[in-house]
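Structure at a glance
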Amino acid sequence: MKQRIFGHIEDLPDNCILESDLLTEQNVLLLPRMTVVTPELKKSVSNYRGFISISVTTVDEEEISDSDVEADESILFDEEFKRYAVESITNIYKNINEPDEIVDTVENLSSDLCSLVNSSVNLGVNLAKLKISDEYTYKHSVDVGTISAVIAANMDYDSDFVHGVSIAGILHDLGKEKIPSGILNKTSRLSAQEFNIMKMHPVYSYQIMREAKEIPEEIRQGMLNHHENKDGTGYPRKLVDKDIGDMAKIITIADVFDALVTERSYKKAMTPREAIEIMFTMSSKFDLNIFKAFLDIINVYPNGAEILLSNSEHAIVIKQNRSYPLRPIIKILETDEVVDLATDSHYLSVIITS
């Protein structure tokens, strides 16, 4: 049964399905459309005390219970952390000519990000839980730093490396402050000359932090090389494979994914599914071990999301399939059958359409 909720988070019925994105009064995404709002999930966003207005569908307990859906233990940003992250990124970009001030801010933000990563039972990323702002620079900086840290932790890098790659991820686009806004925000295709100017932003990122002695060279190289490709087609130096460095290889994948799924003045946002399909076509540019680790941690269809299959069946995602983010384990609503889309021979030709 559909109903309209006017009120607060606690007014959402347990196990209801959201008919649209659940937004704060500042239009920050709390939960995406078609999420099943379990009591645990409702508690996780209960720090938001503002007003909500949203249509939901209530579901009979026989259709779906808490035990059906595995808890979504991906990294969660509560409202307090989102405000803190926005303040931190604002401070970083405000002090573009004060590298020591940048270091103090990014060290603290990175430490807090890594604490969230370390406290996660199952390392995973659900973008809806990360969104801190509609402002691209803020969102992208934190997203890339977080995704990079989770990839590194999933690959069992030590804590110093995880901390370092999150710093490099947060600061990777710092040099765009040196790029003319007319080029950054151009809605049509860049000319060859404009693109050559744009390709300087990793160099500017490196130069801004060059005088910050507290930042190891490995982190600065991660910032400098995040547009280098394994096959030598990247910029600014056309490095190949081992010359790029692991930090930059990780940031490259996080950067490409987040850029694809984020709306800009010159392009629409892709869905996570579309972005990953595009990234598969770019695999020659990525370190494949790192790309696999990325696929392990990204939640394209979060647990509890209602989906439509190409055979017209409706289902609920109940568990992630690590390494197969486009093929989760689901429960068919019409039959209560549990299906592993990665292994069930009857569903190998079936895809998720929405």
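Look above for the structure.
Because the structure is predicted, anything quoted here is derived from the model rather than measured.

About the criteria used
- Residues numbered from 1 in each chain as written.
- Predicted model: local features only at pLDDT ≥ 70, side-chain atom pairs only at ≥ 80, totals over all residues.
- Heavy atoms only, no water.
- Phe/Tyr/Trp six-rings, centres within 6.5 Å; stacked < 30°, edge-to-face > 60°.
- Buried < 20%, exposed > 50% of the residue type's maximum accessible area, 1.4 Å probe, protein only.
- Helix = DSSP H or I, 4+ residues; strand = E, 2+ residues; numbered from the N terminus.
- Pairing = 2+ DSSP bridges.
- 1 Å grid on protein atoms, 1.4 Å probe; cavity = no way out; pocket = protein on both sides within 12 Å on 5 of 7 lines; lining within 4 Å.
- Points joined across faces, edges and corners; volume = space filled by probe spheres on them.
- Nonpolar A, V, L, I, M, F, W, Y, C, P; charged D, E, K, R; others polar.
- Salt bridge = Lys/Arg side-chain N within 4 Å of Asp/Glu carboxyl O.
- Contact = heavy atoms within 4.5 Å.
- Polar contact = N/O pair within 3.5 Å; in protein donor to acceptor, adjacent residues only side chain to side chain.

Re the packing of aromatic side chains
A ring pair, where both rings are aromatic, is described by two values, the distance of the centres and the angle of the planes. Going through the model one piece at a time under the given rule, you end up with eight aromatic pairs. Ring centres of Phe 286 and Phe 291 lie 5.5 Å apart, and the angle between their planes is 35 degrees; this geometry places the pair in the tilted category. The pair Phe 286 / Phe 291 is uniform in exposure class, with both members buried. Ring geometry for Phe 291 and Phe 294: centres 6.1 Å apart, planes at 15 degrees, overall stacked. Of this pair, Phe 291 and Phe 294 are both found in helix H13 (residues 288-297), three residues apart, which corresponds to roughly one turn of the helix. A relative accessible area of 4% means that Phe 291 is categorised as buried. Overall, the relative accessible area of 0% leaves Phe 294 in the buried class. Members of the aromatic cluster, connected to one another through ring pairs, are Phe 257, Phe 280, Phe 286, Phe 291 and Phe 294.

Structural notes on the sheet that holds strand E5 (residues 36-37)
Strand order in the open sheet formed by four strands is E1-E6-E2-E5, with antiparallel pairing between adjacent strands. A single partner strand is all that each edge strand has here, and the edge strands are strand E1 (2-7) and E5. As defined by bridge partners, strand E2 (residues 16-18) adjoins E5 across two bridges and the pair is classed as antiparallel. Looking across to E5, one finds that Cys 16 is bridged to Val 37.

Here's the deal with empty space enclosed by the protein
The final tally for this structure, using the stated rule, is two cavities of 30 Å³ or more. Put simply, the largest cavity is a space of about 60 Å³. Forming the boundary of the largest cavity are 11 residues, of which Ser 44, Val 45, Phe 77, Asp 78 and Glu 79 lie nearest the centre. Taken together, the residues of the lining of the largest cavity sort by class into five nonpolar, two polar and four charged.

Structural notes on the pattern of salt bridges
Evaluated as defined, the whole model comprises 16 salt bridges. Across the salt bridge formed by Glu 79 and Lys 82, the nearest N and O atoms sit 3.4 Å from each other. Within this pair, Glu 79 and its partner Lys 82 are both found in helix H2 (residues 79-94), separated by three residues, close to a single helical turn. Accessibility assignment for this pair places Glu 79 and Lys 82 in one class, buried.

Quick word on H13
Counting buried residues in H13 gives seven out of 10 residues, a clear majority hidden from the surface. Of all the residues in H13, the buried ones are Ile 290, Phe 291, Ala 293, Phe 294, Leu 295, Asp 296 and Ile 297. Elements that come into contact with the buried residues of H13 comprise helix H5 (136-154), helix H11 (246-260) and helix H12 (272-281). The residue sitting at the N-terminus of H13 and contributing the capping side-chain oxygen is Asp 287; that oxygen lies 3.0 Å from the backbone nitrogen of Asn 289.

Description of unusual backbone geometry
If a residue is not glycine, its phi is most likely negative; likewise, a peptide bond is most likely trans. For the peptide bond that leads from Tyr 235 to Pro 236, omega is 10 degrees, which places it in the cis range. Relative to the helices and strands, Pro 236 is located in the loop between helix H10 (217-224) and H11. The backbone of Ser 312 sits at a positive phi, close to 75 degrees, despite the residue not being glycine. Along the chain, Ser 312 falls in the loop between strand E7 (306-308) and strand E8 (314-319).

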